[in-house]
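Okay, here's what each chain looks like letter by letter:
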Amino acid sequence: MRKGRLEAFSDGVLAIIITIMVLELKVPHMVSWEALLEIWPVFLSYVLSFIYLGIYWNNHHHLLQAVVQVNGKVLWANLHLLFWLSLVPFVSGWMGENHFAQLPVIVYGFVLLMSAIAYYILVRAFIQLHGKKTALATAIGNDAKGKISVVIYVTAMLLGLWNAWPALFLYGVVAVIWIVPDKRIEKKLVHDERNTEE
């Protein structure tokens, strides 16, 4: 099976998730700075979640540039990822509306953790389909960045049991780590293309 339909479906779902998230932002009924300041937790939660969804969209795009086809396992792995990402608007809104209370912050971290695990499963499904000697497998390597992110999420959730703010800080740290799209795949594809031309 070709990858085009999976790519189009994933892009559409992510676009809907972002749209749902922005529609959850409530417009203040008063025209003042104070009214805007009252909704800062909701807006901060939205910004963090938007960045995360953007990171997943960017890396998903790079991932699909390195593959040619999909199979049933890949389709289910991709749906698994989209399931966890589709929960981001809910946990983001819950966290913002409750001014970063401990439980919503921990549940937010759990959704981020499960999204990271789901992405890892998707990558492994692609590598299994295409082989361990492909550009994708070589570019991903041991995926230290992904493993570090999982450790940070778990640490953040544990810290969240004590205080929500260190957990939020660590969620931000992971976002900063991934804010620049993962160049490993892109660099490997460009390198292989140059070698082919020579």
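Everything discussed here concerns the structure shown above.
Because the structure is a prediction, the values reported are computed rather than measured.

S.K.: How should the overall build of the protein be read in this particular structure?
M.R.: The helix and strand inventory of the protein stands at 10 helices and zero strands. Element order for the protein, N to C, with α for helix and β for strand: α-α-α-α-α-α-α-α-α-α. By its C-alpha atoms, the protein is 65 × 35 × 30 Å across when sized along the principal axes. Counting across all 198 residues of the protein, residues that qualify as buried make up 41%. Once local pairs closer than 6 in sequence are excluded, the contacts in the protein between residues at least 24 apart make up 81%.

S.K.: I would appreciate a short explanation of the environment of Tyr171 in the present structure.
M.R.: For Tyr171, the location among the structural elements is in helix α9 (residues 164–178). Residues Tyr171 and Tyr52, 119 residues apart in the sequence, show an inter-C-alpha distance of 9.5 Å. Here Tyr171 is in contact with Leu48, Tyr52, Val105, Ile106, Tyr108, Gly109, Leu112, Tyr153, Ala156 and Met157, once residues within four sequence places are set aside.

S.K.: In this structure, what is going on with a nonpolar patch on the surface? I would like to understand it.
M.R.: On the surface, a nonpolar cluster with roughly 360 Å² of combined accessible area is contributed by Phe9, Trp76 and Leu79. Here Trp76 lies in helix α4 (residues 72–86). Judged by relative accessible area, Trp76 falls into the exposed class, the value being 64%.

S.K.: I would appreciate a short explanation of α4 in the present structure.
M.R.: A turn of α-helix holds 3.6 residues, and therefore any two residues three or four places apart point the same way. Between the first and last C-alpha of α4 there are 21 Å, a value that for 15 residues agrees with the 21 Å anticipated at 1.5 Å per step. Of all the positions in α4, only Val74, Ala77, Asn78, Leu81, Leu82, Trp84 and Leu85 are classed as buried. Looking straight down α4, one finds that the buried residues subtend no more than 160° of arc, so they occupy a single side. In this structure, the buried residues of α4 make contact with α1 (4–23), α3 (40–65), α5 (88–97) and α6 (102–130). If you check the start of α4, you find a side-chain oxygen 3.2 Å away from the backbone N of Lys73, and it comes from Asn71.

S.K.: Please explain the packing of aromatic side chains as it appears in this structure.
M.R.: The description of an aromatic ring pair uses the distance of the two centres, along with the angle that the planes make with each other. Counted by the stated rule, this structure contains 11 aromatic pairs. Between Trp40 and Trp165 the ring centres are 6.4 Å apart and the planes differ by 20°, which places this aromatic pair in the stacked class. Here the residue Trp40 occupies a position in helix α3, and Trp165 occupies one in helix α9, the gap between them amounting to 125 residues. Measuring from centroid to centroid gives 6.0 Å for Tyr56 and Tyr119, while their planes differ by 70°, and the two rings are edge-to-face. Placement of the pair is Tyr56 in helix α3 and Tyr119 in helix α6, with a sequence separation of 63 residues. Three or more aromatic residues link up through ring pairs in this structure, and these residues are Trp40, Phe100 and Trp165. Here the guanidinium or amino end of Lys145 rests over the ring plane of Trp178, the centre of that ring lying 4.5 Å away.

So, how was this worked out
Residues numbered from 1 in each chain as written. Predicted model: local features only at pLDDT ≥ 70, side-chain atom pairs only at ≥ 80, totals over all residues. Heavy atoms only, no water. Helix = DSSP H or I, 4+ residues; strand = E, 2+ residues; numbered from the N terminus. Buried < 20%, exposed > 50% of the residue type's maximum accessible area, 1.4 Å probe, protein only. Contact = heavy atoms within 4.5 Å. Patch = residues over 30% accessible without salt bridge, like charges linked within 9 Å, V, L, I, M, F, W, Y side chains within 5 Å. Areas by Shrake-Rupley, 256 points an atom, 1.4 Å probe, with all protein chains shown as cover. Salt bridge = Lys/Arg side-chain N within 4 Å of Asp/Glu carboxyl O. Expected span 1.5 Å × (residues − 1). Arc of directions from axis to C-beta. Polar contact = N/O pair within 3.5 Å; in protein donor to acceptor, adjacent residues only side chain to side chain. Phe/Tyr/Trp six-rings, centres within 6.5 Å; stacked < 30°, edge-to-face > 60°. Lys NZ or Arg CZ within 6 Å of the ring centre and 35° of its normal.

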